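Spelled out, the chains give:
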Amino acid sequence: MAEQSATATDTKQQTSGGGVARTIGSYVMQREHVFAEDTLRGARNFGQSLHLFVLVVIVAVIMGVAAWAFLTCLDAVTSFRSTHVLCFALLPLVGVGTAWLYRTYGHGAARGNNLVIDCTVAGRHIPPVMAPFTFVCSVATHLAGGSAGREGTAVQIGGTIADTVSRLCKLDEYDHQDLMMAGISAAFGGVFGTPLAGAFFGMEMCFVGKLQYRAGAYCLVASFVGDLVTTSLGAAREGYVVGVVPQMSPTSIAFAVLAAVAFGIVARLFSGAIRCVKRFYAAHITNYLLAAVAGALVVLAVYVVFGLYDYAGLSSWLVQAGFRGETTPFDALLKLVMTALTLGAGFQGGEVTPIFGIGASLGGWLGSVLGPLLDATPSYAAALGMIGVFGAALNVPITTILLGVDLFGGMAAPYFVIVSFVSYLVAGHRGVYPAQRIVTPKWRSLEGDQGHSVEEVIAEHHEKAVPTEDRAE
């Protein structure tokens, strides 16, 4: 009996052991099958991605060359204008020529970066003439003394190149969107020499409250290639020294928060001022050529009457003065006004470089006034101002943090984060790109704005704020 019992026990153990072995074997086979499927799927994705990576590099190289040519031309006309004040007399001619060219042959290219956003998000076609038009007209704007930047031109060129390549290669919707974002990244990284910020700018520019991570690898490659090509060709890069970065403390955090609130308010005023000038000319002058003449004459008159020639063009001196603590709030205000009058009148150019000047001059002044009380130096505060107004005006908080790292290093990164998000929230659903789509509202009270563009939200808020009888008038 004992032997039979032992035999039965051994049989059960063998049966149980066999069952476990079969279970483990079955599991391993299933895992191997899943692994094989994942491997095949990954190989297919790699093949598809490799094709797109090749196109991304092509777009980035072309954009890098275009960025170098554009920056070289800007340097040349800026130097020429600085020694020939009569160049300002060209403002009416440039204004009318720009308006006529875009109206006659532009095919909608006058929408600029907003058309690039629509092409990226909704597949809108970008006319190939956008790239040469914005290149020539932006250079002409700077020659004549218009207060404008360079980012808008670069993004339009990058968007045009990417859209043209996409359509020639007949890419599908997803690849088209990824290539468009890569073109934007190549443009930003190439023009500003900030490859990390450029990578995130392409993923973030088209939306409020969303990063398109799917395009991350493409945008990263495009931004670094664009920057490498532009730098290799000899484009000058600007450098800034922040100096002493305060240790994290209640006072230093308080300064960062207070400054960020100011930067967010100024960013909101900046985008609002450009929008108001455009609406004024559209509402009061029906003939587009007369509107262009009037806008150019207003810009010229303000320069001449008030002697504001130093606020023309890029006004890069504002950044350096802000870092030295030699600016006042009037410097930021005057640059804001001149840029709004210039871009609102229809001149070509970007917003970012003027924003840098506005932010640095305001930050430098805040550092001079509040620094002794709240542990901040003018150079450190100017650096916060540069990125704070930029991020709030363009609705790109992650790009803002990386821009600070690109320009100033990582020592002040915690403060970059504070300034970036606080100024971003303060600015609300406003910005220099009305075509941006609001994916994640900034405030709980603005949840109804989700799914709309910034332009639609501004119009809706305006209708709610203005009484019906006033709108009728």
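Everything below is about the structure printed above this text.
The rules behind each value
- Residues numbered from 1 in each chain as written.
- Predicted model: local features only at pLDDT ≥ 70, side-chain atom pairs only at ≥ 80, totals over all residues.
- Heavy atoms only, no water.
- Helix = DSSP H or I, 4+ residues; strand = E, 2+ residues; numbered from the N terminus.
- Buried < 20%, exposed > 50% of the residue type's maximum accessible area, 1.4 Å probe, protein only.
- Salt bridge = Lys/Arg side-chain N within 4 Å of Asp/Glu carboxyl O.
- Expected span 1.5 Å × (residues − 1).
- Polar contact = N/O pair within 3.5 Å; in protein donor to acceptor, adjacent residues only side chain to side chain.
- Contact = heavy atoms within 4.5 Å.
- Phe/Tyr/Trp six-rings, centres within 6.5 Å; stacked < 30°, edge-to-face > 60°.
- Lys NZ or Arg CZ within 6 Å of the ring centre and 35° of its normal.
- Axes fitted to C-alpha atoms, helices over the stretch in contact; angles between N-to-C directions.
- Left-handed = near helix turned anticlockwise from the far one by under 90°.
- 1 Å grid on protein atoms, 1.4 Å probe; cavity = no way out; pocket = protein on both sides within 12 Å on 5 of 7 lines; lining within 4 Å.
- Points joined across faces, edges and corners; volume = space filled by probe spheres on them.
- Nonpolar A, V, L, I, M, F, W, Y, C, P; charged D, E, K, R; others polar.

> Hey, could you go over unusual backbone geometry for me, with residue numbers and the actual values?
A positive phi angle, close to 55°, is found at His107, a residue other than glycine. You can see His107 is positioned in the loop between α2 (91–105) and α3 (113–122). Overall, the relative accessible area of 64% leaves His107 in the exposed class. With a phi angle near 55°, Ser315 is a residue other than glycine that sits in the positive phi range.

> Quick rundown of the pattern of salt bridges? Include the residues and the values.
One pass over the structure, following the stated rule, counts 8 salt bridges. Of the charged contacts in the structure, one is a salt bridge between Asp118 and Arg111, with a shortest N-O distance of 2.7 Å. Residue class for Arg111 comes out partly exposed when judged on its relative accessible area of 32%. The salt bridge involving Asp118 is made with Arg124; its shortest N-O contact spans 3.9 Å. Because the salt bridges share partners, they merge into one network encompassing Arg111, Asp118, Arg124 and Arg437.

> Can you lay out helix α6 (residues 173–192) for me, pointing to particular residues and giving the numbers?
Relative to the 28 Å expected for 20 residues at 1.5 Å per residue, α6 spans 29 Å between its end C-alpha atoms, a close match to the ideal helical length. A large share of α6 lies buried, amounting to 17 of its 20 residues. The distance from a side-chain oxygen at the start of α6 to the backbone nitrogen of Tyr174 is 3.3 Å, and the residue carrying that oxygen is Asp172. Looking one or two residues past α6, Gly193 carries a phi angle of roughly 65°, positive in sign.

> Which residues make up helix α7 (residues 195–204), and what are the values?
Of all 10 residues in α7, 8 are buried, a share of seventy percent or more. Along α7, the residues classified as buried are Pro195, Ala197, Gly198, Ala199, Phe201, Gly202, Met203 and Glu204. Where α7 is buried, its residues touch α5 (151–168), α6, β1 (207–208), α8 (216–232), α14 (378–394) and α15 (397–408).

> Can you explain the packing of aromatic side chains? Please cite residues and give values.
In the structure shown here, the tally under the stated rule is 20 aromatic pairs. On the basis of an interplanar angle of 65° and a centroid distance of 4.9 Å, the ring pair of Phe88 and Tyr309 is categorised as edge-to-face. Taken as a pair, Phe88 in the loop between α1 (2–83) and α2 and Tyr309 in the loop between α10 (288–306) and α11 (317–324) lie far apart in primary sequence, 221 residues in all. Classification of Tyr309 by relative accessible area gives partly exposed; the value is 32%. When the centroid spacing of 5.8 Å and the interplanar angle of 75° are considered together, the rings of Phe280 and Tyr281 count as edge-to-face. Overall, the relative accessible area of 10% leaves Tyr281 in the buried class. The ring of Phe207 has Lys210 sitting right over it, with the charged end atom 4.7 Å from the ring centre. Above the face of the Tyr424 ring, Lys442 is positioned so that its terminal group lies 4.0 Å from the ring centre.

> Please set out the packing of α3 against α5 residue by residue, giving values where relevant.
In contact at an axis separation of 9 Å, α3 and α5 are set at 35° when each is read in the N-to-C sense. Between α3 and α5 the crossing geometry is left-handed. When α3 is examined against α5, the residues Asn113, Val116 and Cys119 are found in contact with a partner set consisting of Glu151, Gly152, Val155, Gln156, Gly159, Asp163 and Arg167.

> Describe the layout of surface pockets, and please don't skip the residues or the numbers.
Put simply, the largest pocket is a space of about 1,400 Å³. Lining the largest pocket are 40 residues, with Ala110, Lys278, Leu343, Gly344 and Gly346 positioned closest to its centre. Elements with a contribution of two residues or more to the lining of the largest pocket: α2, α3, α5, α9 (250–284), α10, α12 (329–344) and α17 (454–465). Among the elements that take part in the lining of the largest pocket, α9 stands out by supplying 7 residues, more than any other. Within the lining of the largest pocket, the residues separate by chemical class into 18 nonpolar, 15 polar and 7 charged.

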